[in-house]
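Summary of structural features
Each chain, letter by letter, is given below.
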Amino acid sequence: MNLENAVCIVTGAGTGVGAACASQLAAKGCRVLVNYSRSEDGARRVVDQCVAAGSDALLVKGDVSNDADCRALAEAALDKWGQIDALINNAGITKFARASDLGALGAEDFQNLYAVNVIGPYQMIRACVPAMKRRGNAAIVNISSISGVRGFGSSTAYIASKGALNAMTLSLARALGPQIRINAVCPGLVDTRWHSSRFNEKDYAKFKANYAKTVPLEKAASPDDVAEVAVWMLEGAAQVTGETILVDGGLHLGKG
């Protein structure tokens with residue numbers, strides 16, 4: 001896909017990986033709908049960065065767990081630019097809980113996480129597919145997690161939701177071709193406030209150092225590291241669909 005003058009919707013683009021995706025897309029001339037649900041200040045900064053890069057950007061608040069909001073995001077992109085070429089489903093939530101503590105999660109926790117992490121991407125895809133099919137040569141990237149591959153992460157509910165997102169990616173790759181490719185990017189630890197907010201500065205540094213000892217590349221990913229792969233999955237990867245791409249520094253390999 002030629003990203004120059006293409007249109008991409010990025011959900012959860014106010015911070016972290018979503019913000020990095022929006023900025024990198026804009027740097028390539030892509031017009032970007034910057035979605036947020038809570039991080040308005042961050043999302044406004046991302047829009048400013050996109051405009052400073054010489055591209056066009058639109059700020060739209062919306063909760064992907066709400067189908068009406070998903071349809072409104074697609075309509076906003078079509079009203080402004082008349083097309084949708086790409087979608088990055090980045091919005092996600094978790095609840096931190098040890099897997100061994102079976103009392104830490106209830107049905108409501110699973111329902112809340114699935115609403116954003118699985119149903120949200122599905123609703124966004126459903127809202128965008130008619131316009132994307134009209135364009136042809138369109139692409140979708142779901143930002144998933146190594147949790148959905150390896151079975152460990154912030155909580156069992158989160159792990160299950162990312163496993164479901166990966167399986168949904170496979171199913172939709174069959175359904176949406178040949179006009180639309182869809183893939184999942186599965187990061188390991190990403191150095192964002194998602195994790196840093198749980199620690200003081202000293203303990204977070206220790207947490208990252210301990211993580212580095214478990215991966216061959218010996219460091220956590222940055223948001224830009226993950227975004228580079230996601231953007232490449234849109235711009236290149238013309239013969240790649242239905243894949244889960246691990247961006248985890250080799251965590252899945254172990255260090256031997």
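Now for a quick tour of the structure. (Residues numbered from 1 in each chain as written. Predicted model: local features only at pLDDT ≥ 70, side-chain atom pairs only at ≥ 80, totals over all residues. Heavy atoms only, no water.)

1. What about the pairing of strand E4 (residues 86-89)?
Within a regular strand, side chains alternate between the sheet's two faces. We count it as follows: Only protein chains enter the accessibility calculation, which uses a 1.4 Å probe. A residue is then buried if its area is under 20% of the maximum for its type, exposed if over 50%, and partly exposed in between. Think of it this way: any DSSP run of H or I at least four residues long counts as a helix, any run of E at least two long counts as a strand, and we number them from the N terminus. Strands pair, by our definition, only if DSSP identifies at least two bridges between them. Crossover handedness is defined by viewing with both strands directed away from the observer: a clockwise path from the first strand over the helix to the second marks the crossover as right-handed.
Burial along E4 is two-sided: Ala 86 and Ile 88 and Leu 87 and Asn 89, pointing in opposite directions, are all buried. With three bridges joining them, strand E1 (residues 7-10) and E4 adopt parallel strand pairing. Looking at the pairing, Cys 8 lines up with Ala 86 of E4. Where the polypeptide runs from E4 across helix H4 (residues 107-135) and back to strand E5 (residues 138-143), its parallel neighbour, the crossover connection is right-handed.

2. Examining the packing of helix H1 (residues 16-27) against helix H9 (residues 223-235)
Stated formally: Axes, fitted as lines to C-alpha atoms, cover a helix only where it is in contact. Angles between the N-to-C directions of the axes lie from 0 to 180 degrees. In what follows, roughly perpendicular refers to angles from 65 to 115 degrees, roughly parallel to angles under 35, roughly antiparallel to angles over 145, and oblique to any angle outside these ranges. We call a crossing left-handed when the near helix sits turned anticlockwise from the far one by less than a right angle, and right-handed when that turn is clockwise. Whether two residues touch is decided by their heavy atoms; if any such pair falls within 4.5 Å, the residues are in contact. Basically, the charged four are Asp, Glu, Lys and Arg, the nonpolar ten are Ala, Val, Leu, Ile, Met, Phe, Trp, Tyr, Cys and Pro, and anything else, Gly included, counts as polar.
At their nearest, the axes of H1 and H9 sit 8 Å apart, and the two run at 55° to each other. Viewed along their axes, H1 and H9 adopt a mutual orientation that is oblique. When the axes of H1 and H9 are compared, the crossing they make is right-handed. On H9, the residues touching Gly 16, Val 17, Ala 20, Cys 21, Gln 24 and Leu 25 of H1 are Pro 223, Asp 224, Val 226, Ala 227, Glu 228, Ala 230, Val 231 and Leu 234. Tallied by class, residues from the contact of H1 with H9 come to 10 nonpolar, two polar and two charged.

3. Let's talk about the pattern of salt bridges
As a reminder of what qualifies: Salt bridge, as applied in this entry: a Lys or Arg side-chain nitrogen positioned within 4 Å of an Asp or Glu carboxyl oxygen.
Summed over all chains, the structure comprises eight salt bridges. Linking Lys 80 and Asp 56 is a salt bridge whose minimum nitrogen-to-oxygen distance equals 3.7 Å. In this pair, Lys 80 sits in helix H3 (residues 67-81) while Asp 56 sits in the loop between helix H2 (40-52) and strand E3 (57-61), placing the two residues 24 residues apart along the sequence. Lys 80 gets classed as partly exposed once you look at its relative accessible area, which sits at 41%. Accessibility expressed as a relative area gives 29% for Asp 56, which makes it partly exposed. Notably, a salt bridge pairs Arg 71 with Asp 67, separated by 2.9 Å at the nearest N-O pair. With Arg 71 and Asp 67 both in helix H3 and four residues apart, the pair spans about one turn of that helix. One connected set of salt bridges, linked through shared partners, spans Asp 67, Arg 71 and Arg 126.

4. Side note on the side chain of Thr 169
Relative to the helices and strands, Thr 169 is located in helix H6 (residues 156-176). In this structure Thr 169 comes out as buried when scored by relative accessible area, which is 0%. When neighbours within four sequence positions are excluded, Thr 169 is seen to be in contact with Asn 142, Ile 182, Asn 183, Ala 184, Gly 242 and Glu 243.

5. Quick look at unusual backbone geometry
Put simply, Gly 177 and Pro 178 share a cis peptide bond, and its omega is 5°. When you line up the elements, Pro 178 lands in the loop between H6 and strand E6 (180-187). One non-glycine residue with positive phi stands out, namely Asn 137, at about 50°. Looking at the element boundaries, Asn 137 is found in the loop between H4 and E5. Given the relative accessible area of 51%, Asn 137 is considered exposed. Here the phi dihedral of Ala 237 falls at roughly 50°; this positive angle occurs in a residue that is not glycine. Position of Ala 237 among the secondary structure elements: in the loop between H9 and strand E7 (244-247). Of the residues examined, Ala 237 reaches a relative accessible area of 10% and is grouped as buried.

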